[in-house]
Amino acid sequence: MGHDDLPTLELAFPGPDRDRGVAAILSGQKTALTGLLEMYEHAGEAVPQTGQRFSVLDSEGRSAVTIELVDVRVVPVKDIDDDFARAEGRGYSDVAQWRVAHEKFFQSDGVSEFLGRRPVVDDDTLVVAERFRVVEPDRPGGP
């Protein structure tokens, strides 16, 4: 299955945050990601499953890298630990930094606009915590 046949995954919103996230995946720094379960439910999308592959898109909508999920858990925010926070590849030294950044994003105008309201984020808010491995970088003009 080529990357054109895979479901796509978009980190954050197009722009610098997405570009940094894609670069962190390509460099090997980012091996985990977190989504707000409420966003999956609102979009009518199933929670991803271990073994699933995705084509990660850059800010221009082009496939940048193919990843395979190696672990997927739906957990309350309070169950995220320092190891997972560091695996997000955004320079978090601990879960406290991860939480501040994720609360800010989950309560951002873009997420609020998507959901039609500003979500509550507290210890019991459910998130989809995913770990992945890079299958292959996608090369512009490559096979």
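Going by the structure above, here's the rest.
All values derive from a computational prediction rather than experimental measurement. All residue numbers refer to position in the chain's written sequence, counted from 1. Reporting in this predicted model follows two pLDDT cut-offs: at least 70 for local features of residues, and 80 or more for side-chain atom pairs to be given and counted; totals over whole chains, interfaces and linings ignore these cut-offs and use all residues. Note that the side-chain values use all heavy atoms of the structure and ignore hydrogens as well as water.

**Q** What is the right way to read the overall build of the protein chain from this model?
**A** Secondary structure is summarised from DSSP: a helix means a run of H or I of at least four residues, a strand means a run of E of at least two, and numbering begins at the N terminus for each. Check the secondary structure of the protein chain and you find five helices and five strands. The N-to-C order of helical and strand elements in the protein chain reads β-α-β-α-β-β-α-α-α-β. When we talk radius of gyration, it's over C-alpha atoms, and the globule rule is simply 2.2 Å times the number of residues to the 0.38. Taking 2.2 N^0.38 as the reference for a compact globule, 143 residues should give roughly 15 Å; the C-alpha atoms of the protein chain span a radius of gyration of 15 Å, in line with that estimate. Across its three principal axes, the protein chain shows a C-alpha extent of roughly 45 × 30 × 30 Å. Summary of the burial criterion: residues with accessible area below 20% of their type's maximum are buried, those above 50% are exposed, and those between are partly exposed, where the area comes from a 1.4 Å probe applied to protein chains only. When burial is assessed residue by residue, the protein chain has 41% of its 143 residues classed as buried. The contacts in the protein chain between residues at least 6 apart in sequence include a share of 69% that link residues at least 24 apart. Contact between two residues is taken to exist if any of their heavy atoms lie within 4.5 Å; hydrogens are not considered.

**Q** Any chance you could explain the layout of surface pockets here in plain terms?
**A** Summary: where empty space remains is shown by rolling a probe the size of a single water molecule over the atoms. Put plainly, a pocket is an open set of points on a 1 Å grid over the protein atoms alone with protein on both sides within 12 Å along at least five of seven lines, a cavity is a set where a 1.4 Å probe fits but cannot get out, and a lining residue has an atom within 4 Å of a point. Grid points are joined across faces, edges and corners, and a volume is the space filled by probe spheres set on the points. Approximately 1100 Å³ is the volume attributed to the largest pocket. Of all the secondary structure elements, the ones that give two or more residues to the lining of the largest pocket are β1 (8–10), α1 (16–27), β2 (32–36), α2 (37–43) and α4 (95–106). Basically, the charged four are Asp, Glu, Lys and Arg, the nonpolar ten are Ala, Val, Leu, Ile, Met, Phe, Trp, Tyr, Cys and Pro, and anything else, Gly included, counts as polar. Each residue belonging to the lining of the largest pocket can be placed in one class, and the counts come to 20 nonpolar, seven polar and nine charged.

**Q** For this particular structure, what's the right way to read the packing of aromatic side chains?
**A** The relation between two aromatic rings is expressed through the spacing of the ring centres and the mutual angle of the planes. Pairs were defined over the aromatic rings of Phe, Tyr and Trp, the Trp ring being its six-membered one, requiring ring centres within 6.5 Å. Orientation was assigned from the angle between planes: stacked under 30 degrees, edge-to-face over 60, tilted for the rest. According to the stated counting rule, one finds two aromatic pairs in the structure shown. Ring centres of F13 and F105 lie 5.5 Å apart, and the angle between their planes is 45 degrees; on these two criteria the pair is classed as tilted. One end of the pair, F13, is in the loop between β1 and α1; the other, F105, is in helix α4, with 92 residues separating them in the sequence. You can call F13 partly exposed: its relative accessible area is 36%. One aromatic cluster is present, built from ring pairs that chain together F13, F105 and F106.

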